[in-house]
Amino acid sequence: MADTSNSVLFDAPGPKGRRTIRIINWVAGLVFAVLVVLMLMRLHNPPDGENQLSWELWKPALEKEAWTDFYLPGLWMTVKATVLAVVGAVVFGLVFGVGRLLPNPLVRGVSAVIVEFCRAVPVLLLMIFFWRWFAFAGFPSPSYWAVVIALVLYNGSVVAELVRSGVGNLPNGQREASLALGLTETQSLIQIEVPQAVYAMLPAAVTQLVVVLKDTALGSIIMYTDLLQESRRLGSMYFNILQTLVMAAVIYFIACWLLSRLAEWLPERMQQRTAAPAEPEPVAPIAAGDPSNINQIAVAKEVEELPLGGAPRQYHVHHRGTNASIRNWRRTRYEQGYDATQPESQIDPETGRLIRDEEAERKAKAAKAARLAAKAAKENGGETAERHDQYGHGEKHDRAVFKPHGDIGKKGHDDMGHRPKI
């Protein structure tokens, strides 16, 4: 079945449509191959000229001197003009792009006129105008500055439109929330909206670098020594203009291809940095308003460790945290399963194993001895014993009393494990 997930503007073709498209592609490929063969035949045997495919014409365009004296210096001048033009275009676009969005009608109108004028005038005409102006004014390197300023004005107007469209595509809640917080429209625009728009327009701005790089070739018309101009100079020396222009085209293609790959990689990188994780990390089910987080996490770990997701264990250390009340802490400990006489209440939430330390064993032995002493006292008619309540106060009773936590009052008996003498 055909994948229609990417069919947005048109329906996916059916079997007959795919067969028709395949036939058209084959026919177009054959026509293109025939045209390439005819062009090579014409270059090999031109009607009035020498063979353009001969090695004698290609050798000067591929030698080391051609790269060190012509191609690389021309490429450096192209890159230098491109970098400066890109920086200036970004600054120009941010200033006038924000100016077109300000609430002041005068600033907005002036910014709109400048941006629209720079977009409407051809880049070559701007280069020629600034070149003649700088030459008459006596500025150094008039062709270089003419190329840079012309590219700044044209591409800066494009960046300004990118900023304006980026701010316009933001949700209306951004501005409404900022205004509700007490910010002015200008503060909301500069501090909240424009940073988001700039971050969103970065891929399109990187794509605009390709346009700036290619437009520097127009500087060869005003005698700027860029890559195209140096290639023409080399071709005029050896009468192989076609070969040197082909080499210049290959260099331009590689540079633009690298920038295009950067424009494709940048959105993926931005998405990785800003997107939330697809599978959030599981957390323990903590009830709202329950401050005993450590108990909830312990229960969740125990349930996770049980095979087949069985029910949690019967006894847990619930006395930890703030679950244990302050006033009736003994009763709370007993009701929540923490009893010194119950070994299973000593479960370590980390390892799930029983904690049988000396204190637990001693308490268990003391409880056993207390039960034996109570039984013996009952059989002997009951002796007077002293009972201590939970606050440590003592009372006299006619018979032995068993305390719920294994504490039994005793008077005059050091060893409760033996039967008292009558």
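If you're wondering where the values come from, they're calculated on a predicted model, not measured in any experiment.

Participant: For this particular structure, what's the right way to read the overall build of the chain?
Facilitator: In terms of regular secondary structure, the chain is built from 13 helices and 2 strands. Within the chain, the proportion of its 422 residues that are buried is 30%. Considering only contacts in the chain between residues 6 or more positions apart, those separated by 24 or more positions represent 59%. Within the structure as shown, the chain displays about 28,100 Å² of accessible surface, and the carbon and sulfur contribution to it stands at 62%.

Participant: Sorry, what's going on with the confidence of the model for the chain here?
Facilitator: Low pLDDT means the predicted coordinates in that region are not meant to be read closely. Per-residue pLDDT for the chain averages 75, and the proportion of residues at 70 or more is 66%. In this model residues 276–286 is a low-confidence stretch, pLDDT under 50, and it forms 7 contacts with partners more than four residues away in sequence or in other chains. Predicted confidence is poor over residues 307–327, with pLDDT under 50, and the contacts of this stretch with residues over four places away or in other chains come to 41 contacts.

Participant: I would appreciate a short explanation of the packing of aromatic side chains in the present structure.
Facilitator: The final tally for this structure, using the stated rule, is 10 aromatic pairs. With a centroid separation of 6.3 Å and an interplanar angle of 45°, the aromatic rings of Phe 129 and Trp 133 are classed as tilted. Note that Phe 129 and Trp 133 are positioned in helix H5 (residues 123–137) at a spacing of 4 residues, about one turn of the helix. You can call Phe 129 exposed: its relative accessible area is 52%. Through a chain of ring-to-ring contacts, the aromatic side chains of Phe 129, Phe 130, Trp 133, Phe 134 and Phe 139 assemble into a single cluster. It is Lys 80 that lies over the ring of Tyr 144; its NZ or CZ is 5.1 Å from the centre.

Participant: Help me understand the packing of helix H6 (residues 142–168) against helix H8 (residues 185–215) in this model?
Facilitator: Helix-helix packing is described using two parameters, namely the angle between the two axes and the distance between the axes. Contact geometry of H6 with H8 gives a least axis separation of 8 Å together with a crossing angle of 140°. In terms of orientation, H6 lies oblique with respect to H8. Like other packed secondary-structure pairs, H6 and H8 cross with a definite hand, here right-handed. Together, Leu 151, Tyr 154, Asn 155, Val 158, Val 159, Leu 162, Val 163, Gly 166 and Val 167 of H6 and Leu 189, Glu 193, Val 194, Ala 197, Met 201, Ala 204, Ala 205, Gln 208, Val 211, Val 212 and Asp 215 of H8 make up the contact between the two elements.

Participant: I keep staring at the side chain of Gln 243 and nothing clicks. Help me out?
Facilitator: Structurally, Gln 243 can be placed in helix H10 (residues 241–274). Its relative accessible area of 0% is what places Gln 243 among the buried residues. Residue contacts for Gln 243: discarding those within four places in its chain leaves Gln 52, Leu 57, Trp 58 and Ala 61.

Participant: Got a minute to help me understand the UniProt feature "transmembrane region" (unreviewed entry) in the chain in this structure?
Facilitator: As annotated in UniProt, the feature "transmembrane region" (unreviewed entry) corresponds to residues 23–43, 75–98, 110–131, 143–163 and 237–260 in the numbering used here. Helix makes up 92% of residues 237–260 and strand 0%, with an end-to-end C-alpha separation of 34 Å.

Participant: I would appreciate a short explanation of a nonpolar patch on the surface in the present structure.
Facilitator: A surface patch of nonpolar side chains, amounting to about 780 Å² of accessible area, comprises Ile 241, Leu 242, Leu 245, Val 246, Val 250, Phe 253, Ile 254, Trp 257 and Leu 258. The residue Leu 258 is located in helix H10 in this model. For Leu 258, a relative accessible area of 48% gives the class partly exposed.

Participant: I'm lost on a positive patch on the surface in this one. Help?
Facilitator: Positive charge collects at one region of the surface, where Lys 16, Arg 18, Arg 19 and Arg 22 lie side by side. A relative accessible area of 61% means that Lys 16 is categorised as exposed.

Participant: Sorry if this is basic, but what is going on with the side chain of Ser 178 here?
Facilitator: With respect to the secondary-structure elements, Ser 178 resides in helix H7 (residues 172–180). The class for Ser 178 is buried, based on a relative accessible area of 2%. Setting aside its immediate chain neighbours within four residues, Ser 178 contacts Leu 183, Ser 188 and Ile 192.

Participant: I would appreciate a short explanation of helix H4 (residues 105–120) in the present structure.
Facilitator: Owing to its 3.6 residues per turn, the α-helix brings residues three or four apart onto one side. Between its first and last C-alpha, H4 extends 22 Å over 16 residues, near the 22 Å set by a 1.5 Å rise per residue. Of the surrounding elements, those touching the buried residues of H4 are helix H3 (64–99) and H6.

The rules we used
- Position numbers for residues start from 1 in each chain and track the written sequence from start to end.
- Predicted model: local features are reported for residues with pLDDT of at least 70 only, side-chain atom pairs are reported and counted for 80 or more only, and whole-chain, interface and lining totals are derived from all residues.
- Heavy atoms from the whole structure form the basis of all side-chain values; hydrogens and water molecules are not counted.
- In this description a helix means any DSSP run of H or I spanning at least four residues, a strand means any run of E spanning at least two, and both kinds are numbered starting from the N terminus.
- Three exposure classes are used, based on accessible area relative to the maximum for each residue type with a 1.4 Å probe and protein chains only: buried under 20%, partly exposed in between, and exposed over 50%.
- In what follows, residue pairs with any heavy atoms lying within 4.5 Å of each other are defined as contacts.
- Methods summary: accessible areas were calculated by the Shrake-Rupley approach with a probe of 1.4 Å, and residue burial reflects only the protein chains presented.
- Residue-level confidence of the predictor is what pLDDT reports, using numbers from 0 through 100.
- Aromatic pairs are defined between Phe, Tyr and Trp rings, using the six-membered ring for Trp, whenever the two ring centres lie within 6.5 Å; interplanar angles under 30 degrees are classed as stacked, those over 60 as edge-to-face, and all others as tilted.
- Only Lys NZ and Arg CZ are tested; either one counts as a charge over a ring when it is within 6 Å of the ring centre and within 35 degrees of the ring normal.
- In this analysis, axes come from line fits to C-alpha atoms, helices being fitted only over the stretch in contact, and the angle between any two N-to-C directions falls in the range 0 to 180 degrees.
- For classification, angles of less than 35 degrees are called roughly parallel, those exceeding 145 degrees roughly antiparallel, those between 65 and 115 degrees roughly perpendicular, and all remaining angles oblique.
- What makes a crossing left-handed is the near helix being turned counterclockwise from the far one by less than a right angle; a clockwise turn instead makes it right-handed.
- UniProt positions are given in the numbering used here, feature names are shortened, and annotations may be inferred rather than shown by experiment.
- In this analysis, a patch consists of residues with relative accessible area above 30% that form no salt bridge, clustered at 9 Å for like charges and at 5 Å for the nonpolar side chains Val, Leu, Ile, Met, Phe, Trp and Tyr.
- Criterion for a salt bridge: a side-chain nitrogen of Lys or Arg within 4 Å of a carboxyl oxygen of Asp or Glu.
- Here Asp and Glu are counted as negative and Lys and Arg as positive; His is not counted, and neither are the chain ends.
- Taken as the charge centre is NZ of Lys, CZ of Arg, CG of Asp or CD of Glu, depending on the residue.
- Each helix should span, by expectation, one fewer than its residue count multiplied by 1.5 Å.

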